[in-house]
Amino acid sequence: MPEKIHYRGSMLLILSVLCGYMSARPVWVSLYNNLQVQTVVVSAYKGELSVSGDGLQEFVISRGQAVHVALHGEKIIVSSTKGVVGAFNKLNITGADAASVVRLRPLQPLAEPRNYEESVYMYADMGRIRMINQIDEKQYLAGVIEAETGSGRTPEFYKATAVIARTYLYGHADRHVSENFHLCDETHCQAYKGKCRHAPIPVAVEATGNIILTDKNLHPISATYHANCGGETESAKNAWQTDMPYLIPVTDPYCTSQPSARWTKSIAIDDWISYLVKNGFVPNPNTVTDFNLKQSSRKPDYKVNDFVLPVKQIRNDWNLRSTFFSISVENGTVVLDGKGYGHGVGFCQEGAMEMGRRGYKYDAIIRFYYKNVLLTPVSEAHISVPGFE
Ligand SMILES: [Zn+2]
Ligand SMILES: [Zn+2]
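### Digging into the overall build of the protein chain
Stage number 1. Across its full length, the protein chain holds eight helices and 24 strands.
Stage number 2. C-alpha atoms of the protein chain, sized along the principal axes, occupy 85 × 45 × 40 Å.
Stage number 3. With 389 residues in all, the protein chain has 42% of them scored as buried.
Stage number 4. Restricting to contacts in the protein chain with at least 6 residues of sequence separation, those with at least 24 account for 69%.

### So, the packing of helix 1 (residues 137–149) against helix 2 (residues 155–171)
Stage number 1. Viewed as axis vectors pointing N to C, helix 1 and helix 2 meet at an angle of 115°, and their least axial separation amounts to 10 Å. One finds that helix 1 runs roughly perpendicular with respect to helix 2. Two packed elements cross with a definite hand, and for helix 1 against helix 2 that hand is right-handed. Here helix 1 contributes L141, V144, I145, E148 and T149 to the contact with helix 2, which in turn contributes Y158, T161, A162, A165 and R166.
Stage number 2. Residues belonging to the contact of helix 1 with helix 2 are distributed by class as follows: six nonpolar, two polar and two charged.

### Side note on the sheet that holds strand 17 (residues 262–268)
Stage number 1. Read from one edge to the other, the open sheet built from three strands follows the order 17-21-20, with strand pairing classed as antiparallel. The strands lining the two open edges of the sheet, one partner per strand, are strand 17 and strand 20 (325–330). Put simply, the sheet's adjacent strands are angled 20° from each other on average, direction ignored.
Stage number 2. Pairing analysis gives seven bridges linking strand 17 to strand 21 (residues 333–339), with the strands arranged antiparallel. Looking at strand 21, one finds that T264 is bridged to D337.
Stage number 3. In this fold helix 5 (residues 269–278) packs onto strand 17, strand 20 and strand 21, with an angle of close to 90° to the strand it touches most, strand 17.

### So, helix 8 (residues 362–369)
Stage number 1. Where helix 8 is concerned, the buried positions are Y362, I365, I366 and Y369. Each buried residue of helix 8 lies within a common arc of 95° when the element is viewed along its axis, so the set occupies one face.
Stage number 2. Along its buried surface, helix 8 packs onto helix 2, strand 15 (211–214), strand 22 (347–348) and helix 7 (349–357).

### A few points about the nonpolar core
Stage number 1. By size, the foremost hydrophobic cluster in this structure holds 84 residues, and its most contacted members are V29, I76, M131, V163, A352 and Y370.
Stage number 2. Of the residues forming this core, the biggest block, 10 residues, is contributed by helix 2.
Stage number 3. Leave out the neighbours within four places in its chain, and M131 touches L31, Y32, V37, L104, V120 and M122.
Stage number 4. Grouped together as the second largest cluster of nonpolar side chains are nine residues, V311, I327, V334 and L336 included.

### Some points on the pairing of strand 8 (residues 83–88)
Stage number 1. Relative to strand 8, strand 7 (residues 75–80) runs antiparallel, the two sharing five bridges. In the sheet register, S80 faces strand 8, and the bridge partner there is G83.
Stage number 2. Counted between consecutive antiparallel strands, the loop separating strand 7 from strand 8 contains two residues.

### Some words on helix 7
Stage number 1. Within helix 7, eight of the nine residues are buried, leaving the element largely enclosed by the surrounding structure.
Stage number 2. For helix 7, the full list of buried residues reads Q349, E350, G351, A352, M353, E354, M355 and G356.
Stage number 3. Elements that come into contact with the buried residues of helix 7 comprise helix 1, helix 2, strand 16 (225–226), strand 22 and helix 8.
Stage number 4. Once helix 7 finishes, G359 follows within two positions and takes phi at roughly 95°, a positive value.

### A few points about the confidence of the model for the protein chain
Stage number 1. Taken as a whole, the protein chain shows an average pLDDT of 92; of its residues, 94% reach a score of 70 or greater.
Stage number 2. Of the regions scoring below 50 in pLDDT, residues 1–20 engages in 19 contacts with residues more than four places distant in sequence or in other chains.

### Points about the environment of K193
Stage number 1. Along the chain, K193 turns up in the loop between strand 14 (183–184) and helix 3 (200–207).
Stage number 2. By the C-beta count within 10 Å, which is 17 here, K193 ends up partly exposed.
Stage number 3. Along the backbone, K193 and G143 are 50 residues apart, and their C-alpha atoms lie at a distance of 6.4 Å.
Stage number 4. With near-sequence residues (within four places) excluded, K193 lies in contact with R114, G143 and A147.

### Quick look at the domain arrangement of the protein chain
Stage number 1. Segmentation of the protein chain into domains returns domain 1 (36–127) and domain 2 (262–339).
Stage number 2. Spacing between the C-alpha centres of domain 1 and domain 2 amounts to 53 Å.

### A closer look at the sheet that holds strand 2 (residues 27–30)
Picture the strands of a sheet paired through backbone hydrogen bonds; they go either parallel or antiparallel.
Stage number 1. Ordered in space as 5-4-9-12-13-2-14, the seven strands form an open sheet in which the pairing is mixed. Each end of this open sheet is capped by a strand with a single partner; those strands are strand 5 (57–61) and strand 14.
Stage number 2. With five bridges joining them, strand 9 (residues 90–95) and strand 12 (residues 119–124) adopt antiparallel strand pairing. The partner of K90 across the bridge, within strand 12, is Y123.

Each value, and the rule that gives it
Residues take numbers from 1 onward in each chain, read along the sequence in its written order. By the order in which they are written, chains take letters starting at A while ligands take numbers starting at 1. Reporting in this predicted model follows two pLDDT cut-offs: at least 70 for local features of residues, and 80 or more for side-chain atom pairs to be given and counted; totals over whole chains, interfaces and linings ignore these cut-offs and use all residues. For the purposes of this entry, the term helix denotes a DSSP run of H or I that reaches at least four residues, the term strand denotes a run of E that reaches at least two, and both are numbered from the N terminus. Counting other C-beta atoms within 10 Å of each residue's C-beta, where C-beta atoms are placed from the backbone, gives the exposure class: buried for 20 or more, exposed for 12 or fewer, partly exposed between. Throughout, a residue-residue contact means that the two C-beta atoms, derived from backbone geometry, are no farther apart than 7 Å. To obtain each axis, a line is fitted to C-alpha atoms, and for helices this fit is confined to the stretch in contact; angles are then taken between N-to-C directions over 0 to 180 degrees. Each angle gets one of four labels, with under 35 degrees taken as roughly parallel, over 145 as roughly antiparallel, 65 to 115 as roughly perpendicular, and the rest as oblique. Take the far helix as your reference; a near helix turned counterclockwise from it by less than a right angle gives a left-handed crossing, and one turned clockwise gives a right-handed crossing. Ten residues, namely Ala, Val, Leu, Ile, Met, Phe, Trp, Tyr, Cys and Pro, are considered nonpolar, four, namely Asp, Glu, Lys and Arg, are considered charged, and the remaining ones, Gly among them, are considered polar. At least two DSSP bridges between two strands are needed for those strands to be called paired. Throughout, the arc means the angular range of directions from the helix axis out to the C-beta atoms. We call a set of buried Ala, Val, Leu, Ile, Met, Phe, Trp, Tyr and Cys residues a nonpolar core when their C-beta atoms link them within 7 Å. Residue-level confidence of the predictor is summarised by pLDDT, bounded by 0 at the bottom and 100 at the top. Where each domain begins and ends follows an automated or database-derived domain assignment.

Here it is as structure tokens:
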């Protein structure tokens with residue numbers, strides 16, 4: 001979705017734009033991106049960490065040891081139990097070997113600790129400690145899949161989500177280019193909470209090779225997803241006024257008995273009428289007004305007499321789970337009988353989980369929700385991946 005990008009004066013570090021994939025190049029992910037971290041504790045969750053301050057001063061964090069990293073103006077100050085280690089512009093924390101794991105625990109503001117593989121790079125950035133995980137693509141994708149879909153899913157569902165997460169990565173690798181990293185760890189990009197703990201997920205990532213979803217011109221698609229479509233997916237055209245040939249309505253029999261399939265909300269009729277009046281509805285005392293709405297298939301608008309309100313606006317105004325709801329009036333109460341959870345465009349997670357349980361292969365699951373797409377190796381797709389130093 002459109003996001004405001006804050007451009008800064010110093011775009012020092014964008015050295016090259018590579019047309020190719022990241023096979024050996026790490027993904028740069030901004031950690032705790034939504035927090036203005038001032039102090040963070042760094043420890044070795046597994047193995048040993050080697051730390052380099054400005055490429056000069058090197059020291060080791062052994063298992064069980066921790067250091068505090070605090071912002072101080074344009075520098076970051078590192079201290080251990082023995083006192084201040086030094087003040088640095090940049091700190092590079094790397095596992096001593098492949099099994100080492102970096103643990104971060106922000107103290108100010110307080111946040112849950114998370115574990116990261118490979119390297120974490122830190123520096124002062126506009127009043128915060130910027131923390132970047134430089135991470136292998138596959139390990140990053142496994143972390144995303146765990147954060148986005150949880151544990152205990154079928155291998156084919158995980159494979160489908162691996163392709164979607166990889167498509168997002170290569171389709172949006174330049175999203176934060178002005179901030180000198182590829183993606184953030186929030187839902188703005190893809191949720192990423194560090195090292196994946198569930199063994200079947202990396203297996204699914206590996207099994208899908210370097211496949212992403214592209215259109216016929218070999219450009220990565222906008223692989224949108226949501227929790228539950230309620231039985232029919234929404235078109236990108238209705239949801240966002242952007243027509244995309246692969247994001248078109250699909251009748252989905254797989255999600256309708258799943259946990260997020262249904263919701264209801266009751267609103268007093270007077271509150272409902274005031275809401276409509278506020279939006280331009282003019283009640284007519286001489287006629288019987290029909291407030292009902294029937295959505296057996298998705299409709300873009302709610303109509304009362306000649307008054308029209310987009311269902312998308314109703315969803316936003318009342319904080320509803322979806323736009324896929326019917327309306328009836330029962331004893332002075334307006335009852336919204338809703339289906340699904342989320343915008344409903346593209347891949348329906350609960351439907352896809354059920355398809356996985358019923359034995360569908362990952363490519364069949366993908367093609368059920370995204371129409372007219374190609375499963376393309378990254379090396380053959382048109383992508384642009386910025387490189388940072
Ligand atoms: Zn982002
Ligand atoms: Zn569905």
